[in-house]
Every structure is written in structure tokens, then in C-alpha cells.
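Coordinate analysis (summary)
Spelled out, the chains give:
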Amino acid sequence: MEFPGNFIGIQNTANTNHLSGVHSLYEVGQGVSDGTWPTNYQIGSSLRFNGTSNYLTRTPSSLGNRRTFTISFWHKKTADDDFPRFQQRVDSNSSQQFTISGYTTLNNFRILDQDGTGANRCAYHFVGAQRDVGQWMHIVVAIDTTQEFEDDRQKVFVNGVFKPIDDGANSPVNYDRFYETSVNNTSSNRLLIGCQRPNSSATLNGFFDGYLAEYYLIDGLQLDASYFGSFHPTTGQWLPKKYTGEFGSTGYYLDFAGTNTSTGAVGTVGEDKSGNDNHFSSNGISSQDVVPDSPTNNFCI
């Protein structure tokens, strides 16, 4: 079995809080050919965002589980101090929102959940959690506000490794038990991927400059990273694997394989492959933004 000489990042086994090197896909392939690696999952495409104007959006038509859900995605940034935004918020002058975004300084990101008054109901900041321009990284954000212990209500995994909160000077805010987030809500809630909308404003900002692949939302389950990837037994490489579990009624899976654009439907860049038909519409995206660069076939930038 032959593998191309492209490179993807490898987890630093001495310090699991960041990436430190690269391994060729040929090395990864050796584990497949000699029987030590159980899967050879290949990702065929990703979606490129230009950092100025393009994004994905949808307005949910039905209510899902607002207390328990998992978001998983692979991303590659092409500029420092950038991070792919995910936001679900009331599409009005309300401050109610759930946002995953970059934060304040280089390579930090945060989870922020605010109620309609603008009060923080969850605020977790992660310092230096995504450092490498041009390398693919995997993020899992797993929420379950029904958990008895407050630290279990919000969990983050970076390249397969649980990421302890590292707030620096910021004070973390844990979810109250049984709090209902903005995620999986309706009532004029809009989902945005690749940008965000500030409070009390109709103007979008924070456009992502980079690539996204394998974007999941799992409705009703708090899952760890092992559902979406595995460590190679000899190289320590964190590699993607296909999710085979349930999606729930409002869950979705975007593989960015379609090339049609605009209104979300089968065959478009925002097609939902979960079987739920929770398709995303695209704005400012063309068919040329669907590219073969992926976590299993990394291109130089």
C-alpha cells in the first residue's frame, strides 16, 4: 500500500497541550499494512473560508436537547490568532448565545454561553490551545448540564487529549445544573459556522481564515474524542475515524463533499450527511472552496 508524502501534525507525547512535529502518511500507512492499525479512514475534502465574508448558516425548525450535545470538527488555520467560529444565538437584539471562538490573544479560544441579559452562564478560556498555522487540529466540545459535578458539565478535547481549563487571568464560569443552552433551540435562533454576530447587532464579524472538515453536532449525547478519532499505536498520531453512533433529531454531519452553493440541500457544500436533512446554506462560498486539503491529505499553504 502506497501513501502520498503529505504531512499531518503529530501529538507531542511529552506535552499533550500542543503539537510539536509531523509524520508522513507513509509512516501511518505502515500501521495499516502490517495489521496493527484497525482503520484507514480517508477524508476526501474540506471547505475553505476566506477570512472576510463567507460562512454557513441555518435556522433550526425543531427543538433538540439543549442540555446535552457534542460538537466535533477538524480545522486548519491559515493565519495567526484565528479560530473557526461556531455560534447559535437568538437572531434579534437579545444577548442570548452559545459561541466557540478565538479569544483576546494569539492561539487562545473560548466557550461562551450567555443568557438574554448578557450574563455568562458558561465561560471557559483555553490558553495556547491551537498553535500551528498550516496543521490540522481536532476539537471536541462536549456539554451535559445534567451532570452532578460542575466540572463534568463542559469538556474540551484537543487532538484527542482532554484539555483542562487554563484561564490565566480570566475567571471560569461553570454551567448551573440543568441549564438550557441556546444550542438546539428554535425561536428565531440562527446557527453560524465560520463567523459570529456581536450582541445587539445585525452585522457579522470574526470571519474564519482557514479550512474546516468533518463537522458534527450530536444531539443528546456528551461524547469524548474517541468517538471521532484514535491514536496510532506506534507513532502517537491522532487520526480521524468515522463516527458511527446516533445523531439525535437536530444533529448533523457536514463532510463538505458537495459543490453546489447557496440554499442548503442535497449536493450542496452544506449538505447534512447524518440522514436528518439539517442542511446549511452557504454565503459567499463557491464550488472552488471545496478542496482536497484534509486531515488525511494536508497541503502546504
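Quantities reported herein were computed from a predicted structural model and do not represent experimental measurements.

Turning to unusual backbone geometry, a few remarks are in order. Its identity is not glycine, yet N159 carries a phi of approximately 50°, on the positive side. Its place among the elements puts N159 in the loop between β11 (154-158) and β12 (161-162). Phi at F178 is positive, roughly 70°, even though this residue is not glycine. By the secondary structure assignment, F178 is in the loop between β12 and β13 (189-193).

Note on placement: C122 falls in strand β9 (residues 120-126). Considering only alpha carbons, one finds C122 and T181, 59 residues apart in sequence, at a separation of 9.4 Å. Discounting chain neighbours no more than four positions away, the residues touching C122 are I111, L112, D113, Q154, V173 and Y175.

Turning our eyes to something else, we now look at the nonpolar core. Nonpolar side chains tend to gather and get buried jointly when the protein is soluble and globular. Counting residues in each nonpolar core, the largest one holds 36 residues, and the members touching the most others are L56, I71, F86, F98, I193, Y215 and Y252. The element contributing the most residues to this core is strand β10 (residues 137-144), with four residues. If near-sequence neighbours (up to four positions away) are discounted, I71 is found in contact with F86, F98, I100, I139, V140, V141, Y215, Y216 and L217. Counting residues in hydrophobic clusters, the runner-up holds 18 residues, among them W136, I218, F228 and F247.

A few words on the pairing of β9. On any regular strand, side chains alternate: one points to one face of the sheet, the next to the other face. Burial analysis of β9 places five of its seven residues in the buried class, the great majority of the element. Pairing geometry for strand β8 (residues 109-114) and β9, over six bridges, is antiparallel. Within β9, the residue paired with R110 across the bridge is H125. Linking β8 back to β9 in an antiparallel pair, the connection comprises five residues, with G118 at a positive phi of about 90°.

Parameters at a glance
Residues numbered from 1 in each chain as written. Predicted model: local features only at pLDDT ≥ 70, side-chain atom pairs only at ≥ 80, totals over all residues. Heavy atoms only, no water. Helix = DSSP H or I, 4+ residues; strand = E, 2+ residues; numbered from the N terminus. Contact = heavy atoms within 4.5 Å. Core = buried A, V, L, I, M, F, W, Y, C linked by side-chain atoms within 4.5 Å. Buried < 20%, exposed > 50% of the residue type's maximum accessible area, 1.4 Å probe, protein only. Pairing = 2+ DSSP bridges.

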